[in-house]
Structures are given as C-alpha cells and as structure tokens.
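So you can see what is in the structure, the chains are spelled out below.
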Amino acid sequence: MTVPSTAGRTPAAVLAEAADARATVVLSGHVQPDADALGSTLALAEGLRRRGARVHATFPGPPTLPASLGWLPGAEGLVPSGAVPTAPDVFVGLDAASPGRLGELAAVLERAGTSVVLDHHASNPGFGDVRLVDPAAPATVVLVAALLDELDVALDAPLATLLYAGLAADTGSFRFGSTRPDTHHLAARLLGTGIDHAAISRRLFDTAPFGWLRLLSAVTGRAALEPEVGGGLVWTWSTTAEAAEHGLPGEQLEALVDVVRSTAEADVACVLKGQDDGTWSVSLRSRGATDVARVAMALGGGGHRAAAGFTSHEDRGTTMARIRGELAAGR
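Source: prediction; values computed, not measured.

J.: Would you mind going over the domain arrangement of the chain in detail, with residue names and values included?
T.: Along its sequence, the chain is organised into domain 1 (11–204) and domain 2 (210–329). For domain 1 versus domain 2, the distance between C-alpha centres works out to 26 Å. Contacts between the two partners involve eight residues from domain 1, matched on the other side by nine residues from domain 2. Connecting domain 1 to domain 2 are zero salt bridges. At the boundary of domain 1 with domain 2, the tally comes to three residue pairs in polar contact (both at pLDDT 80 or more). In terms of residue class, the side of domain 1 that touches domain 2 is made up of three nonpolar, five polar and no charged.

J.: Report on the UniProt feature "domain: DHHA1" (unreviewed entry) in the chain, specifying residues and quantitative values.
T.: Sites flagged by UniProt as "domain: DHHA1" (unreviewed entry) map to residues 245–314. Summarising residues 245–314: 19% helix, 31% strand, and an end-to-end C-alpha distance of 24 Å.

J.: Tell me about the packing of helix H6 (residues 157–170) against helix H8 (residues 197–205), and name the residues and values.
T.: It is the contact of H6 with H8, at a shortest axis distance of 10 Å, that shows an interaxial angle of 55°. When the interaxial angle is binned, H6 and H8 end up oblique. In the crossing of H6 with H8, the sense of the turn from one axis to the other is right-handed. Contacts between H6 and H8 pair Thr161, Tyr164, Ala165, Ala168 and Ala169 from the former with His197, Ile200, Ser201, Leu204 and Phe205 from the latter. For the contact of H6 with H8, the residue count by class is seven nonpolar, three polar and no charged.

J.: Give a detailed account of the pairing of strand E1 (residues 24–28), specifying residues and quantitative values.
T.: Within E1, five of the five residues are buried, leaving the element largely enclosed by the surrounding structure. Side-chain alternation along E1 places Thr24, Val26 and Ser28 on one buried face and Val25 and Leu27 on a second face that is also buried. Where E1 lies against strand E2 (residues 54–58), five bridges are found, and the strand directions are parallel. Among the inter-strand pairings, Leu27 is bridged to a residue of E2, identified as Ala57. Read from E1 through helix H2 (residues 35–51) to E2, the crossover connection turns out right-handed. Two elements, E1 and strand E3 (residues 90–94), share four bridges in a ladder whose sense is parallel. Looking at E3, one finds that Leu27 is bridged to Val92.

J.: Explain the pattern of salt bridges to me, and be specific about the residues and the numbers.
T.: The tally for this structure, following the rule as stated, stands at 13 salt bridges. Linking Arg50 and Glu46 is a salt bridge whose minimum nitrogen-to-oxygen distance equals 2.9 Å. Here the residue Arg50 and the residue Glu46 both occupy positions in helix H2, the gap between them amounting to four residues, near one helical turn. Linking Lys273 and Glu254 is a salt bridge whose minimum nitrogen-to-oxygen distance equals 3.0 Å.

Reading the values: rules and limits
Residues numbered from 1 in each chain as written. Predicted model: local features only at pLDDT ≥ 70, side-chain atom pairs only at ≥ 80, totals over all residues. Heavy atoms only, no water. Domains from an automatic or database assignment. Contact = heavy atoms within 4.5 Å. Salt bridge = Lys/Arg side-chain N within 4 Å of Asp/Glu carboxyl O. Polar contact = N/O pair within 3.5 Å; in protein donor to acceptor, adjacent residues only side chain to side chain. Nonpolar A, V, L, I, M, F, W, Y, C, P; charged D, E, K, R; others polar. UniProt positions renumbered as here; feature names shortened; annotations may be inferred. Helix = DSSP H or I, 4+ residues; strand = E, 2+ residues; numbered from the N terminus. Axes fitted to C-alpha atoms, helices over the stretch in contact; angles between N-to-C directions. Parallel < 35°, antiparallel > 145°, perpendicular 65-115°, else oblique. Left-handed = near helix turned anticlockwise from the far one by under 90°. Buried < 20%, exposed > 50% of the residue type's maximum accessible area, 1.4 Å probe, protein only. Pairing = 2+ DSSP bridges. Right-handed = clockwise from strand over helix to strand, strands pointing away.

Shown next as structure tokens:
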C-alpha cells in the first residue's frame, strides 16, 4: 500500500516548485548504494537539473563506488557527502528504509527546508516531510520514472540506463516475485530509448576480478546448512580484510548472498560481512516462506519480505544466535 504524502503535498509538486525557483536540492540514496539507490539518485538529479534546480547528488560514507556502479551515467558528478549544503532548500532521500540508512546525511535531511522520501521498502516507518513509500513497487527507480513523467522530463538513453540498471538489479533480472506486468512495460519503454540492456546487465552482474573466484571459494567452503532452523538456514561469512587479501574492495562482499541463496535445502540465506569498524553487516534472503524483513526489523534493520538486512555490533557467534532465535520465533 502506498503511504500518502503529508500535508497533502506530493513529491512532484514539491520538486516542480523547487525547480521553478532554482532552489538547492540535495539527493542521496542509502549507505553502500546499490544500483537501485544510485540509479534513482542520479536519474532524479539529472531530471531536476534539466528543470532548472541547483542539484547536488551524493551518497553517505566513503566517496568511492564499486566498479560495477562507477560507470553509470552521471556518477562522475557525484560529490562527497561532506561537500553538500548542510541545510538545502530540499533534501531527497531515495531507497532508504529509515533515516539511519542515510548515514551522516540524515542530519542534512533534518535541516533541509523540506525533506522528500521516495522508497519501496515495507519496513519504512514513514519519515520525511513529503513522502511516497510503495512496498508494492519492485524498485525505487519505478517511483522515479513516474516522477520524471510528472515533471515532464523526457526519458532518453542516459536516464533509461540509470532506471534500467536499478530495475534489473532489484528484480533479480526480473526473476523475483516483486516483478509485475507493469514492470515489464517500464522495461520495454526503457529499451525503446535504444539502451544496450545486455551490456548493462553484463557490467552489473557478470563482470568481476579473478580474485572474486578465490574469495568465493573460501567463503562458500565455510558455508553451513542448518535445516532444523526455521524453514532451513544456510549461512556463511567474510570480512573486508579477507576481500582485501584477494585484491577486492569491501563492496564485493555484497554479491555473496546471491550465490548462497541458491541452496535448495534452505528457505533463508544469510551472509555476515565484517566491516573495518568491527561491526557485521548482515544480508538476509528468503525463498518465500520466511519474512526476513520481520527478522531484520527485530534486530534493528529492515527491508522486504524476501530481502532484508541489519547491522550487528556484537560478535559473529552472538549475531548468529540472535538470527536463529528470530527465525525460530517466526515459525
């Protein structure tokens, strides 16, 4: 169900007014941005720029993108989070399920004249002054595509590339249950601009350094299957330090869960990713019987029924014990 905007204002109305007034707009997706967060941010930023707004597109955390995303149109124009106006006229948060997912930019959202939130996570509590939260949308880029239409911004190949990247990523190349008939209609429209969808998918999903194979061997080699937990649990772990040993950035760990989730005997797949600061970033995936958003929310995170996550400040053993407990409680 769509959560309506507050005070009767829509994101399109707020952003159209901002563009007409040549207002300052800061846009950001969530920490460790994926193709949906980044594609949404860059597409809407370019649309507002064409409408006349003064735009600053950014993302929280270290100002470095993984190679799989750094090629996206407009990525070269991203500015570090510390370089954006601290109290802009408008702040737009995209694909962030909570203020905490905006990292240090949550403070910019609080100080902005108006904050706009566009998101598709079911766990979103409804923050921001003006918001559109639609858990039925398969990706936030779907909301951005509709918003660009409302703003009378014509879709061309650069914009379509950004939108298609987010759409393909968050639907698992249209394999996930969130894919709807209108998802394919949007994809067809984007393909109609002349984009090379095969090249986009290859760069997003099918290109990795040789070190990835070495890391994958180590991580899958330590995977554990616990069929008695919930509907079956498969899990493993790695760290940014281990990734570095194979010449890989820490962001490469994000792809591990998509390998682990293929285990037929487990409804839930879990990957713990040790961070430089000692925390564990946890990715959860479900084949459908388990609501992993409920598990993640109970542990301080959020997401979707089939894909969610949270950050743990406890050790690996304690973190896994808490996950097992939540999975058992949900049976």
